[in-house]
Amino acid sequence: MPELPEVEHIRRTLSAKIVGSWVLRTRVERDDVIRGEIGVRDRGRALLRDGRISDVRRHGKRLAILVQDGRVLEFGLGMTGQFLLESPGGVPAERNHRHVIWYLGDRCGGMKQRLVWRDPRRFGGLTPLGDPETLNKACWGVLGPDALEIDEETLFDRLKKTQRALKTALLDQRLLAGVGNIYADEALHAAGIAPERRSHEVSRCEVGGLLKHVKRILREAVELGGSTIRDHKDPLLQSGAYQGRHAVYGRPGEPCQRCANVIRSNVVGGRTTHWCEACQI
DNA sequence: TGACACCTGGGT
DNA sequence: ACCCAGGTGTCA
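Because the structure is predicted, anything quoted here is derived from the model rather than measured.

1. Side note on the nonpolar core
Turning to step 1, where the next piece is worked out: Residues Leu 166, Val 179, Leu 210 and Val 214 are the most contacted members of the largest nonpolar core, which totals 30 residues.
Turning to step 2, where the next piece is worked out: When residues of this core are traced back to their parent elements, those giving at least two are α4 (152-160), α5 (166-171), α6 (181-191) and α7 (204-223).
Turning to step 3, where the next piece is worked out: If you tally residues by element for this core, the top one is α7, at 8 residues.
Turning to step 4, where the next piece is worked out: Those residues in contact with Leu 210 that lie beyond four places of it in its chain are Leu 166, Leu 170, Ala 187, Leu 188, Ala 191 and Ile 193.
Turning to step 5, where the next piece is worked out: By size, the runner-up hydrophobic cluster in this structure holds 26 residues, among which are Ile 34, Leu 77, Leu 115 and Leu 126.

Pasting the structure below:
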């Protein structure tokens, strides 16, 4: 489900709703979604019980919830990971695959809302960490710069070091964090560069143009709540709207908006890839 | 670098 | 019944 825009939209939604809340209680329905070795005794602590939520952060496609005493929960959403925010009396719309639930509220007051971690395919998961340093270094330090933050020179230098197809490199989270299959295809089309071009042969000028489109497309997608292809819903069950702006993703056989040539699709680096042979060179 | 694995669900 | 899916990790 989630690339950078979807995760950033989720981050903003969560941040507005849960920062300042206390974690009153936690409930685990499936413990194999929790990564790392956590003793059963400490599991509630590891899941932030009795903490006051101070921040919700994102790097690339990854998300973290922090509490004031320094404990951290780090999330990878995989393909179908999802947060749900629910009011105490409300009946859940999604009843299955609800793996972890946090009951949030005031310090000594009643429960105000539930935060639910749902993930049907379970490619995602959460990792408890002891402190923000570990989050930034050991955990997120292995990822490349965030796609909204990286500068042209850094991206050019990193692409220069690999001969892989440009699209494959863009999907490598250690090279650049946040771009996935949809936005890689969209950015390459906007920049007029073929996905199979060798990364080290792309000129500085082309990388500059590509990066401008990457950032523009990601920012626009964030503002529209991301893309909803099949099942992406934000914590309030809202769908995204950026799928309406896709120029190539999911449109094989349709005419290219720029040159009217037929959009084709093929597998590049193991992922279905959509592009226009006529205007992407 | 590619094939395959991890899972469930939706569409044809 | 079969193919596909917004991701990532491991294997030869």
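Further notes follow.
2. With respect to the side chain of Arg 71
Turning to step 1, where the next piece is worked out: Mapping Arg 71 onto the fold places it in the loop between β3 (62-67) and β4 (72-76).
Turning to step 2, where the next piece is worked out: Judged by its relative accessible area of 10%, Arg 71 is buried.
Turning to step 3, where the next piece is worked out: From its side chain, Arg 71 meets the backbone oxygen of Arg 45 in a polar contact 2.8 Å long.
Turning to step 4, where the next piece is worked out: A polar contact is formed between the side chain of Arg 71 and the side chain of Asp 69, at a distance of 2.8 Å.
Turning to step 5, where the next piece is worked out: Excluding anything up to four places from it in sequence, Arg 71 contacts Arg 45, Leu 48, Arg 49, Asp 50, Gly 51, Ile 65, Leu 66, Leu 129 and Gly 130.

3. Details of the side chain of Asp 119
Turning to step 1, where the next piece is worked out: Within the secondary structure, Asp 119 sits in the loop between β7 (111-118) and β8 (125-129).
Turning to step 2, where the next piece is worked out: Arg 35 provides the closest opposite charge to the buried, unpaired Asp 119, separated from it by 7.0 Å.
Turning to step 3, where the next piece is worked out: Polar side-chain contacts of Asp 119 include one of 3.3 Å to the backbone nitrogen of Gly 81.

4. Here we look at the state of the cysteines
Turning to step 1, where the next piece is worked out: Evaluated as defined, the whole model comprises 0 disulfides.
Turning to step 2, where the next piece is worked out: A disulfide-free cysteine, Cys 205 has its sulfur positioned 17 Å from the sulfur of Cys 279, the nearest such atom.

5. Some thoughts on the pattern of salt bridges
Turning to step 1, where the next piece is worked out: Counting across every chain of the model gives 26 salt bridges.
Turning to step 2, where the next piece is worked out: The shortest N-O distance in the salt bridge between Glu 277 and Arg 264 comes to 2.6 Å. With Glu 277 in the segment after β10 (271-275) and Arg 264 in strand β9 (residues 264-268), the pair connects residues that are 13 residues apart, well separated along the chain.
Turning to step 3, where the next piece is worked out: When salt bridges that share partners are traced, they join Glu 8, Arg 11, Arg 12, Arg 58, Asp 146 and Glu 223 into one network.

6. Section: the sheet that holds β7
Turning to step 1, where the next piece is worked out: Spatial ordering of the open sheet is given by β1-β6-β7-β5, a layout of 4 strands whose pairing is antiparallel. Each edge of the sheet is formed by a strand with only one pairing partner; in this case those strands are β1 (22-28) and β5 (82-86). The mean angle between the axes of side-by-side strands here comes to 20°, regardless of whether they run parallel or antiparallel.
Turning to step 2, where the next piece is worked out: Here strand β6 (residues 98-105) runs beside β7; their pairing, made up of 7 bridges, is antiparallel. Within β7, the position partnered with Gly 105 by the bridge is Met 111.
Turning to step 3, where the next piece is worked out: Contacting β5, β6 and β7, helix α1 (residues 4-18) runs over the sheet at an angle of about 30° to β5.

7. Looking at the sheet that holds β3
Turning to step 1, where the next piece is worked out: The 4 strands lie next to each other as β2-β3-β4-β8, forming an open sheet whose pairing is antiparallel. With one partner strand each, in any of the chains shown, β2 (53-59) and β8 form the two edges of the open sheet. Strand-to-strand twist of the sheet, defined as the mean angle between neighbouring strand axes without regard to direction, takes the value 20°.
Turning to step 2, where the next piece is worked out: The pairing of β2 with β3 spans 6 bridges and is antiparallel. By the bridge assignment, Asp 55 is partnered in β3 with Leu 66.
Turning to step 3, where the next piece is worked out: Running at roughly 175° to β2, α1 makes contact with β2 and β3 of the sheet.

Cut-offs applied
Residues numbered from 1 in each chain as written. Chains lettered and ligands numbered in written order. Predicted model: local features only at pLDDT ≥ 70, side-chain atom pairs only at ≥ 80, totals over all residues. Heavy atoms only, no water. Core = buried A, V, L, I, M, F, W, Y, C linked by side-chain atoms within 4.5 Å. Buried < 20%, exposed > 50% of the residue type's maximum accessible area, 1.4 Å probe, protein only. Helix = DSSP H or I, 4+ residues; strand = E, 2+ residues; numbered from the N terminus. Contact = heavy atoms within 4.5 Å. Polar contact = N/O pair within 3.5 Å; in protein donor to acceptor, adjacent residues only side chain to side chain. Lys, Arg positive; Asp, Glu negative; His and termini not counted. Salt bridge = Lys/Arg side-chain N within 4 Å of Asp/Glu carboxyl O. Disulfide = S-S within 2.5 Å. Pairing = 2+ DSSP bridges. Axes fitted to C-alpha atoms, helices over the stretch in contact; angles between N-to-C directions.

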